[in-house]
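Letter by letter, the chains look like this.
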Amino acid sequence: MSLDWIYYAISWILLTWHSAWDAIGVPVDAVIGTNFAWILAIVFLVVSVRVILFPVFVKQIKSQRAMQALQPKVKELQEKHKGDRETLQKEMMELYRKEKANPLMGCLPMFLQIPVFLGLFHVLRRLDPFKPEDKKTIYGWTVDQFNSASNAKLFTAPLSGKFGSTAEDLARLGANGTTVKIIAGVLVLVMIATTYLTSRQMILKTGWAEDPQQRMIQRLMLYGIPASLLISGSIFPIGVIIYWVTNNLFTLAQQQWVLRKFPPPVTAKKATAPAATRSPVQPAKSGGLFGRGKAVPAAPVKATAPKVAGPKPGAKPTNPKKSPPAKRQG
């Protein structure tokens with residue numbers, strides 16, 4: 001299947017935002033070795049896509065809430081069909097169908113963004129000022145726009161440059177190999193860190209799933225994808241990494257807003273936890289992005305008066321020492 005429609009759509013959004021920043025007065029030429037008009041065009045490409053996908057993100061949150069509410073029933077099925085994996089899977093799929101819950105909905109926003117990512121990857125990979133003119137004008141680009149984007153840089157590193165670019169490719173772009181590797185390497189590390197934090201933020205708020213299949217997906221999202229970026233990040237153009245990092249930062253902010261506005265329901269296990277199991281001295285912690293929540297101060301304990309032992313049977317009563325009478329003032 002041809003993906004030209006994606007390349008045309010990505011190019012149109014990118015060029016529209018670049019023209020908008022140019023019209024506003026953002027310098028097209030490099031300032032501090034950076035072409036801010038093209039950088040902002042990539043950033044606002046992310047904003048455009050995320051605004052379009054916002055309804056899907058809300059459905060993702062609702063689906064995760066439904067899956068969380070089904071955890072007690074899932075645990076009952078696991079206990080009932082322990083050792084019979086095939087029957088357990090059938091019963092769980094029937095439960096999901098009956099309750100209209102979709103385990104894969106949590107990954108839907110990410111899957112929908114894959115075509116955008118691939119489209120931007122393809123468009124930026126084509127940027128080469130030495131291409132013939134008939135190759136520069138496809139996907140709705142003009143020759144001037146193509147040449148401008150081909151020469152766009154971030155701190156003198158070309159947006160089409162990669163950590164794994166050869167010396168010949170960088171020479172064609174007029175770039176310094178060491179600078180490109182430093183800029184690309186730092187961005188890859190930021191990309192890995194923000195990808196990990198987006199998954200960790202959601203898991204800290206919603207908790208680990210009881211279903212082994214769901215837990216495996218959570219572990220894949222938390223550890224597998226960030227680890228894979230350590231290798232695949234070397235072939236991503238700098239412009240694509242900027243897109244990925246911006247997308248992760250947008251996700252962190254969006255998830256924080258949604259989770260504050262629609263907090264996850266309190267599970268029965270947490271609600272019925274006996275108070276005796278909690279230490280009255282140690283303060284409770286509220287979950288945060290890094291798992292280090294702010295300490296909630298413990299409720300103050302009212303001081304009780306010491307008990308006074310009564311007189312023993314048969315003991316003589318003792319009168320308290322009388323205080324001397326106050327002197328009259330003449």
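Here, every reference points to the structure presented above.
This next bit is on the packing of aromatic side chains. Geometry of an aromatic ring pair is reported as the spacing of the ring centres plus the angle between the planes. If you walk through the whole model with that rule in mind, you get 13 aromatic pairs. Ring-pair connections join several aromatic residues into one group, and the members of that group are Phe117, Phe121, Phe236 and Trp244. Against the face of phenylalanine 163 rests lysine 181, its NZ or CZ located 4.8 Å from the ring centre. Positioned above the aromatic ring of tryptophan 208 is the side chain of arginine 219, whose terminal nitrogen or guanidinium carbon lies 5.0 Å from the ring centre.

So, about the nonpolar core. Residues Trp38, Trp141, Leu159, Phe236 and Ile238 are the most contacted members of the largest nonpolar core, which totals 48 residues. For this core, the elements supplying multiple residues, two or more each, are helix 1 (4–24), helix 2 (36–52), helix 6 (108–125), helix 8 (143–150), helix 10 (177–206) and helix 12 (238–261). The contact partners of tryptophan 141, leaving out residues within four places of it in the chain, are Ser11, Leu14, Leu15, Trp38, Val123, Leu127, Lys136, Phe146 and Ala149.

With that settled, consider the packing of helix 2 against helix 12. Taken N-terminus to C-terminus, the directions of helix 2 and helix 12 make an angle of 45°; their axes are 9 Å apart at the nearest point. When the axis of helix 2 is compared with that of helix 12, the two are oblique. Crossing of helix 2 over helix 12 shows right-handed handedness. Of the residues in helix 12, those in contact with Ile39, Ile42, Val43, Leu45, Val46, Val47, Val49 and Arg50 of helix 2 are Gly239, Ile242, Tyr243, Thr246, Asn247, Phe250, Thr251 and Gln254.

A word on the side chain of histidine 18. Within the secondary structure, histidine 18 sits in helix 1. Here tryptophan 38 takes part through its side chain, which lies 3.2 Å from a polar atom of the side chain of histidine 18. Non-local contacts of histidine 18, meaning those with residues more than four positions away in its chain, are made with Val28, Ala37, Trp38, Ala41 and Ser148.

With that settled, the discussion passes to the packing of helix 4 (residues 71–80) against helix 5 (residues 85–99). One can describe the packing of helix 4 onto helix 5 by two numbers: an axis separation of 10 Å at closest approach and a directional angle of 160°. In terms of axis orientation, helix 4 runs roughly antiparallel to helix 5. Here the hand of the crossing between helix 4 and helix 5 comes out right-handed. Of the residues in helix 5, those in contact with Lys73, Val74, Leu77 and Gln78 of helix 4 are Leu88, Glu91, Met92, Leu95, Tyr96 and Glu99.

The subject of this paragraph is helix 8. Those residues of helix 8 that sit buried are Phe146, Ala149 and Ser150. Seen along its axis, helix 8 keeps its buried residues to an arc of 100°; they face one direction. Those residues of helix 8 hidden inside the fold are in contact with helix 2 and helix 7 (133–136).

Parameters and conventions
Residues numbered from 1 in each chain as written. Predicted model: local features only at pLDDT ≥ 70, side-chain atom pairs only at ≥ 80, totals over all residues. Heavy atoms only, no water. Phe/Tyr/Trp six-rings, centres within 6.5 Å; stacked < 30°, edge-to-face > 60°. Lys NZ or Arg CZ within 6 Å of the ring centre and 35° of its normal. Core = buried A, V, L, I, M, F, W, Y, C linked by side-chain atoms within 4.5 Å. Buried < 20%, exposed > 50% of the residue type's maximum accessible area, 1.4 Å probe, protein only. Helix = DSSP H or I, 4+ residues; strand = E, 2+ residues; numbered from the N terminus. Contact = heavy atoms within 4.5 Å. Axes fitted to C-alpha atoms, helices over the stretch in contact; angles between N-to-C directions. Parallel < 35°, antiparallel > 145°, perpendicular 65-115°, else oblique. Left-handed = near helix turned anticlockwise from the far one by under 90°. Polar contact = N/O pair within 3.5 Å; in protein donor to acceptor, adjacent residues only side chain to side chain. Arc of directions from axis to C-beta.

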